[in-house]
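Geometric and topological summary
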There are 2 protein chains.
Amino acid sequence: MLNFNFKNQTEILFGKGQIKEAKSRLPKDAKVLLLYGGGSIKRNGVYDDVVKLLDGVSFEEFAGVEPNPTLQTLMQAVELVRAKQLNFILAVGGGSVIDGAKFVAAAAHFDGEPWDILAKGAAFSSALPIGAVLTLPATGSESNGNSVVTNKDTAQKRAFGSDIVQPVFAVLDPVYTFSLPLKQVGNGVVDAFVHVIEQYLTYPVNAPLQDRFAEGILQTLISEGPKALTTPQDYDVRANVMWSATMALNGLIGKGVPQDWATHMIGHELTALFGLDHAQTLAIVLPTLMYVQRGQKRQKLLQFGQRVFNISSGTEDEIIDKTIKATQDFFEHMGVKTRLSDYNLAAADIDKLVANLERNGMTALGEHSDIDLTKARQILTLAL
Amino acid sequence: MLNFNFKNQTEILFGKGQIKEAKSRLPKDAKVLLLYGGGSIKRNGVYDDVVKLLDGVSFEEFAGVEPNPTLQTLMQAVELVRAKQLNFILAVGGGSVIDGAKFVAAAAHFDGEPWDILAKGAAFSSALPIGAVLTLPATGSESNGNSVVTNKDTAQKRAFGSDIVQPVFAVLDPVYTFSLPLKQVGNGVVDAFVHVIEQYLTYPVNAPLQDRFAEGILQTLISEGPKALTTPQDYDVRANVMWSATMALNGLIGKGVPQDWATHMIGHELTALFGLDHAQTLAIVLPTLMYVQRGQKRQKLLQFGQRVFNISSGTEDEIIDKTIKATQDFFEHMGVKTRLSDYNLAAADIDKLVANLERNGMTALGEHSDIDLTKARQILTLAL
């Protein structure tokens, strides 16, 4: 096992009606930025619950944070925070809104050019505190310090992370996910699944508990994910998906083990250049990445297939092939297509993707830093 | 799944040499109470590392916290804190020392009779902050707010719990456990195992992720525990046991599910009256409690046997019998005897135990509150 430091500062308020618990977690002098997305929260009752929560609290609204939130939109929210001297952000939505809140929280206090926080890893030492009300289980953003923002002007999708912008609380009410479009449910399950894979499917370091936890999340997503599509109002199913997605990326399972993240990095370019949903990019890249990296990941691929998909017959290579196929089938079963051609992308587009990877310095990806541009091209070509 | 709130405020500093990370976590104006037990830390080098950590920091030592720490000893430490106006406790040891630190931390700031915190659940609103250096993986006390203290004068072993006394950091260096007596290693593994069982072996509430996590810890303890006895210097084995014991009782796996704790409550009387090690009491009580409660715990007993011990053949009742036997065998394999007679206790002693349960109000134990004194007597009698 590798050395690690671990603390998770987010208080989880989980379950039906738990938003009422959030009231006492707001600062006494709170001047709140209520940040949300496209307005679905006004149709499903979440907005009403939030406004009730903010009864007697000073707040300003900023709507319109888009999926894959952009620098250009978020900077408008930064201006609002500065103009109204707001001191707390309540992010209501999925990972995009919460990621956006983290950028706004840091940028509002930042002296220089805020994009430098992502583009150059510029350090920042303070941010507005954030509370989250989660409506889409997927990214784990509600209880980690990570954020991904897209710069529309430069077609760059970049990440930053800091404890300083990690939410102080997160309301996880499964009922808030009942009305989600099934496409978003499927995307969310795939996203959470791949988060686990990035922290699990590397090489063994004799950390069996981390392996068991990762496998437990994968098994739960495999059993509950499809039910979330067929019985959308089943509270327990939604609760299990929601808790799995949070545990997938709250930092715990990745402690003491190597991590990969190449699928995410390659996938980011698919979103930045062609606007694919984040989960779609992961569903495209992961299977062929597993295929190309089957040597480096051999032992964990076998363990993954045997323990998670119960694949035990055949030679080791056959088990690995079946495991990759099972992963792909699971994504398709969740309604997320796994080939570039499913999204009308072709060989010529791979040149652009590889060029973008090069431009962003993504030339040594994966747990061994051995996924260079040649391998990335191979992974993408196999996914045509 | 049940509603829950969850946050764990303890920063884990895990791995070889991680004590050096603790320096920056001490308050700048720290006046430290260095609290430890019987002096083993002076023989195994931990004391030297701690003194190095405290270089330049004002501190006082209090040694002699016993296993099953007593009110009488701890009140001496409280006096030292008050006399020297100390403001931070560094607890170096296992669960007894850390449990003791929690009591000292709360009692030193408490206006009334400190034993009331345990005996009457008296509320307290402040405590000295605590840092822990763990030398014995077992109780999980290093990252929770729970404490158990024994009053020698009244033969009462009672618990209290509060976030206020939860350690702010915990150093978990597996090397610090290399020199543990094997008896303590075995006890620790059994203790952690039963902590998981108390939060897992109840009735299903459709919380599959919590089940998988619990099973993952149990599987890890079953695979690594025996190796910790046969190859005491194996770093990874010790690391895996240590991380499992912490995860067993840091609050996570019990969130959203029913909990039992009857084995602990009955076991506490065995320690209070006859001085048995905590783990010995759990190893005695759990198997026969499982037998007596096999109706109420039927579904989870089957799942436990099938998933954790891979017992699949036979009728359901045969699977349950084999599962109870496998649990008992595991405890014995870890060197912890499972019958009252192994500790020279006999039928007449059960009367005293039942009387003590009654005196302490332990008359409706378990996840259904259905373990009354008659059932407790039955559980103990079967364990003769």
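Please read all numbers here as calculations on a predicted model, not as lab measurements.

1. Quick look at the interface of chain B and chain A
Contacts between chain B and chain A engage 39 residues on the former and 39 residues on the latter. Across the interface of chain B and chain A, roughly 3400 Å² is buried in total on both sides, 56% from carbon and sulfur atoms. Of all residues in chain B, Met1, Leu209 and Trp243 of chain B give up the largest surface area on contact with chain A, accounting jointly for 18% of the area buried on that side. Along the contact surface separating chain B from chain A lie 0 salt bridges. On the surface where chain B and chain A come into contact, there are 16 residue pairs in polar contact (both at pLDDT 80 or more). Among the secondary structure elements, those contributing two or more residues to the side of chain B that touches chain A are strand E1 (4–14), helix H8 (208–230) and helix H9 (235–248) of chain B. For the side of chain B that touches chain A, the leading source of residues is E1 of chain B, giving 11 residues.

2. Some words on the domain arrangement of chain A
All names here are of chain A. Partitioning chain A into structural domains gives domain 1 (11–176) and domain 2 (181–382). Each of domain 1 and domain 2 has a C-alpha centre, and the two are 26 Å apart. With 25 residues of domain 1 at the contact, the number on the domain 2 side is 23 residues. Summing both sides of the interface, domain 1 and domain 2 together bury roughly 2000 Å²; the carbon and sulfur share of this comes to 62%. When the area that domain 1 buries against domain 2 is broken down by residue, the three leading residues are Pro137, Lys157 and Pro174, summing to 27%. Where domain 1 packs against domain 2, one counts 0 salt bridges. For the pair domain 1 and domain 2, the interface holds 7 residue pairs in polar contact (both at pLDDT 80 or more). Of all the secondary structure elements, the ones that give two or more residues to the side of domain 1 that touches domain 2 are strand E1 (4–14), strand E6 (146–151) and strand E7 (156–161).

3. Quick look at the UniProt feature "domain: Fe-containing alcohol dehydrogenase-like C-terminal" (unreviewed entry) in chain A
Using the residue numbers shown here, the UniProt feature "domain: Fe-containing alcohol dehydrogenase-like C-terminal" (unreviewed entry) corresponds to residues 188–355 of chain A. The span residues 188–355 of chain A shows a helical share of 69% and a strand share of 0%, and its end C-alpha atoms are spaced 28 Å apart.

4. Some points on the UniProt feature "domain: Alcohol dehydrogenase iron-type/glycerol dehydrogenase GldA" (unreviewed entry) in chain A
Within this structure's numbering, the places UniProt gives as "domain: Alcohol dehydrogenase iron-type/glycerol dehydrogenase GldA" (unreviewed entry) are residues 10–174 of chain A. In the segment residues 10–174 of chain A, helix accounts for 27% and strand for 26%; the C-alpha atoms at its two ends are 18 Å apart.

5. Comments concerning helix H2 (residues 46–53) of chain A
Residue and element names in this part refer to chain A. Those residues of H2 lying buried are Val46, Tyr47, Val50 and Leu53. Seen along its axis, H2 keeps its buried residues to an arc of 120°; they face one direction. Each element contacted by the buried residues of H2 is listed here: strand E2 (31–36), helix H1 (40–43), strand E3 (58–62), strand E4 (88–93) and strand E5 (130–134).

6. With respect to the relation of the copies chain B and chain A
Each of the two chain copies can be generated from the other by rotation about an axis followed by a shift along it. Least-squares fitting of chain B to chain A yields an RMSD of 0.0 Å, with the transformation described by 0.0 Å of translation along the axis and a rotation of 180°. Such a combination of rotation and displacement between the chain copies is what one expects of a two-fold axis. It is phenylalanine 213 of chain B whose C-alpha, among those of chain B, lies nearest the rotation axis, at 2.8 Å.

Definitions and limits used
Residues numbered from 1 in each chain as written. Chains lettered and ligands numbered in written order. Predicted model: local features only at pLDDT ≥ 70, side-chain atom pairs only at ≥ 80, totals over all residues. Heavy atoms only, no water. Contact = heavy atoms within 4.5 Å. Buried area = accessible area lost by both parts, 1.4 Å probe. Salt bridge = Lys/Arg side-chain N within 4 Å of Asp/Glu carboxyl O. Polar contact = N/O pair within 3.5 Å; in protein donor to acceptor, adjacent residues only side chain to side chain. Helix = DSSP H or I, 4+ residues; strand = E, 2+ residues; numbered from the N terminus. Domains from an automatic or database assignment. UniProt positions renumbered as here; feature names shortened; annotations may be inferred. Buried < 20%, exposed > 50% of the residue type's maximum accessible area, 1.4 Å probe, protein only. Arc of directions from axis to C-beta. Least-squares fit on C-alpha atoms with pLDDT ≥ 70 in both.

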